[in-house]
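Structural overview for review
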Amino acid sequence: MVRRVTTTTVPSPDFVSLRGRRFALTDFGGPGTPVLALHGHFGRGRMYAPLAAALAPARRVIALDQRGHGLTGGGGPFTLDEYVADAAALLRELRLGPVPVVAHSTGGVGAYALAARHPELVGALVIEDIGAVTDRPVVNHPVLDVSSWPTWAVDRERLRTEIESRGIPDASYFLDSAEPDRQAGGWRLLFEPSHMMASQHAMCGDFWDDWLGSSCPALLMRGEHSPLLPPGHAHEMATRRPNTTLREFAGCGHWIHDDAPREFAWAVRRFLDALECRP
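The notes below deal with the structure included here.

Attention shifts here to the overall build of the protein chain. Helix and strand content of the protein chain: 10 helices and 11 strands. Taken against the 2.2 N^0.38 rule, which gives 19 Å for 279 residues, the C-alpha radius of gyration of the protein chain at 18 Å falls within 12% of a compact globule. Judged by the C-alpha coordinates and their principal axes, the protein chain covers about 55 × 50 × 35 Å. Looking at the protein chain residue by residue over its 279 residues, the buried ones come to 54%. For the protein chain, the proportion of contacts with a sequence separation of at least 24, taken over those separated by at least 6, is 73%. Of the roughly 12,400 Å² of accessible surface on the protein chain, a fraction of 50% belongs to carbon and sulfur atoms. Each charge class in the protein chain can be summarised by its mean position, and for the 28 positive and 32 negative side chains these summaries are 5 Å apart.

Shown next as structure tokens:
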């Protein structure tokens, strides 16, 4: 059966065993060409519902809940090698590849490393707002300190209040990874703050070799006000890597897909459509 997707409809998650771990994934379905989607820290696969709706029916978005995130079980280790191996195992399990990979933030590091290390699995890259260097001096504040964040509250709005009291202007992105707690009542975060701290530290580094290690077509997206991808670094990335186009989004921060969802989806669709016109 073909699933119909709207921006307010998210399919129930599927589960698959990869490398001895139970992973959750959101397969938005449809008859189109598969696209793998990888979220960043604190996210989950279902965040790609608006993009899936915009790309349907030509594209079928398959979004993984990465280790330590969403409904995927277990914790670390949280290293680039592990994130890459998970994504590669999923594509092989689904017998897919080469496919376009759309990825946000740290998921983007995993995506371009996947292309470098497993070129047979990746046909194109859409990298949303992350650099080839994710640490100082390129990024002034590479780690968001969530070590004191609550993991549970009596209701969703209380959880929002608690998170925003830690200096977060709008907790909506993080609340996408919260669900009712069926055992204790109330609402809980699906990620453990200690896991997110470990992962953030592990994913700080210089990844130029992985960024330059592939030559498939790539679209690099940067938000004008992004704290994680400075303009000079973004232009250097696009200049040094073949087949790379840089697209900057005025008025946007790190979460371009939330700040300008229509423009984001249009840019992805246009890029993917253009791939089919190549000789």
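Once the structure has been displayed, the description carries forward.
Right, let's talk about the nonpolar core for a bit. When a protein is soluble and globular, its nonpolar side chains tend to lie buried together. Core analysis: the largest hydrophobic core is formed by 44 residues, its most contacted members being Leu36, Val101, Tyr112, Leu114, Val122, Leu125 and Ile127. When sequence neighbours within four positions are dropped, the list of residues in contact with Tyr112 reads Leu125, Ile127, Ile130, Gly131, Ala132, Phe207, Asp210 and Trp211. Residues Ala63, Val126, Ile168 and Phe271 belong to the second largest nonpolar core, which totals 42 residues.

Below, the discussion takes up the sheet that holds strand E11 (residues 244-249). Pairing is mixed across the open sheet formed by 8 strands, whose spatial order is E1-E2-E4-E3-E5-E6-E10-E11. Each edge of the open sheet is held by one strand with a lone partner, namely strand E1 (14-18) and E11. The average undirected angle you get between the axes of adjacent strands in this sheet is 25°. The pairing of strand E3 (residues 33-38) with strand E4 (residues 59-64) spans 6 bridges and is classified as parallel. Opposite Leu38, over in E4, you have Leu64 as the bridge partner.

Counting through the fold element by element, Leu272 comes out in helix H10 (residues 261-276). Using a relative accessible area of 1% as the deciding quantity, one classes Leu272 as buried. A C-alpha to C-alpha distance of 20 Å links Leu272 and Met237, two positions 35 residues apart in sequence. Excluding residues within four positions of it along the chain, Leu272 makes contact with Val35, Leu55, Arg59 and Pro100.

Okay, the packing of aromatic side chains next. In this structure the tally under the stated criterion is 9 aromatic pairs. Ring plane angle 70° and centroid distance 5.2 Å describe the contact between Phe42 and Phe174, whose orientation is recorded as edge-to-face. On the criterion of sequence distance, the pair formed by Phe42 in the loop between E3 and helix H1 (49-55) and Phe174 in helix H5 (residues 172-175) is long-range, its members being 132 residues apart. Considered together, Phe42 and Phe174 belong to a single accessibility category, that of buried residues. A centroid spacing of 5.4 Å and a plane angle of 80° characterise the contact between Tyr173 and Phe174, whose relative ring orientation is edge-to-face.

This part is about the pattern of salt bridges. The tally for this structure, following the rule as stated, stands at 18 salt bridges. The closest approach of N and O atoms between Glu179 and Arg44, which form a salt bridge, is 2.9 Å. Here Glu179, found in strand E8 (residues 178-180), pairs with Arg44, found in the loop between E3 and H1; they are 135 residues apart in sequence, far enough to count as distant. Two residues, Arg160 and Glu164, come together in a salt bridge whose shortest N-O distance is 3.2 Å. You can see Arg160 and its partner Glu164 sitting in helix H4 (residues 156-164), 4 residues apart, about one turn around the helix. For Arg160, a relative accessible area of 16% corresponds to the buried category. Within this structure, Arg19, Arg67, Glu82 and Asp86 form a network of salt bridges that share partners.

Attention shifts here to the layout of surface pockets. There is about 830 Å³ of room inside the largest pocket. Lining the largest pocket are 33 residues, and of these Leu144, Phe174, Leu228, His254 and Trp255 sit closest to its centre. For the lining of the largest pocket, the secondary structure elements donating two or more residues are helix H3 (106-117), H4 and H5. Per-element accounting of the lining of the largest pocket gives the leading share, 3 residues, to H5. The residue inventory of the lining of the largest pocket, partitioned by class, reads 16 nonpolar, 12 polar and 5 charged. When its volume is computed, the second largest pocket comes out at roughly 450 Å³.

So, on to the sheet that holds strand E7 (residues 152-153). With respect to topology, 3 strands assemble into an open sheet ordered E7-E9-E8, the strand pairing being antiparallel. Whereas interior strands pair on both sides, the edge strands pair on one side only; in this sheet they are E7 and E8. Across 2 bridges, the pairing between E7 and strand E9 (residues 187-189) is antiparallel. Bridged to Ala153 within E9 is Trp187. Across the sheet, H4 touches E7, E8 and E9, and the angle it forms with E9 is around 40°.

Conventions used here
- All residue numbers refer to position in the chain's written sequence, counted from 1.
- Whole-chain, interface and lining totals are the exception, using all residues; otherwise, since this is a predicted model, local features are given only for residues with pLDDT of at least 70 and side-chain atom pairs are given and counted only at 80 or more.
- Hydrogens and water molecules were not included; the side-chain quantities draw on all heavy atoms of the structure.
- Here a strand is any run of E in DSSP of at least two residues, a helix any run of H or I of at least four, and the numbering for each starts at the N terminus.
- Based on C-alpha atoms, the radius of gyration is set beside the globule rule, defined as 2.2 Å times the residue count to the power 0.38.
- Type-normalised accessible area, obtained with a 1.4 Å probe on protein chains alone, sets the label of each residue: buried when under 20%, exposed when over 50%, and partly exposed for intermediate values.
- Contacts are residue-level and defined by heavy atoms, with any inter-residue pair within 4.5 Å sufficient.
- Residue exposure ignores everything except the shown protein chains as possible cover, and the areas themselves are Shrake-Rupley values with a 1.4 Å probe.
- Charge assignment in this entry is limited to Lys and Arg as positive and Asp and Glu as negative, and neither His nor the chain termini are counted.
- For charged residues, the charge sits on one atom: NZ in Lys, CZ in Arg, CG in Asp, CD in Glu.
- Nonpolar cores were defined as sets of buried Ala, Val, Leu, Ile, Met, Phe, Trp, Tyr and Cys residues, with membership established by side-chain atoms within 4.5 Å.
- Any two strands between which DSSP finds at least two bridges are classified as paired.
- Angles here are taken between N-to-C directions and fall from 0 to 180 degrees, while the axes themselves are lines fitted to C-alpha atoms, restricted in helices to the stretch in contact.
- To pair, rings of Phe, Tyr and Trp, with the six-membered ring standing in for Trp, must have centres within 6.5 Å; the planes then decide the type, stacked if under 30 degrees apart, edge-to-face if over 60, and tilted in the middle.
- Should a side-chain nitrogen of Lys or Arg be within 4 Å of a carboxyl oxygen of Asp or Glu, the pair is scored as a salt bridge.
- A cavity, in this analysis, means grid points on a 1 Å lattice covering only the protein atoms where a 1.4 Å probe fits yet has no way out; a pocket is instead an open set bounded by protein on both sides within 12 Å along at least five of seven lines, and a residue lines either one if it has an atom within 4 Å of a point.
- Grid points are joined across faces, edges and corners, and a volume is the space filled by probe spheres set on the points.
- In this classification, Asp, Glu, Lys and Arg are treated as charged, Ala, Val, Leu, Ile, Met, Phe, Trp, Tyr, Cys and Pro as nonpolar, and every other residue, Gly included, as polar.

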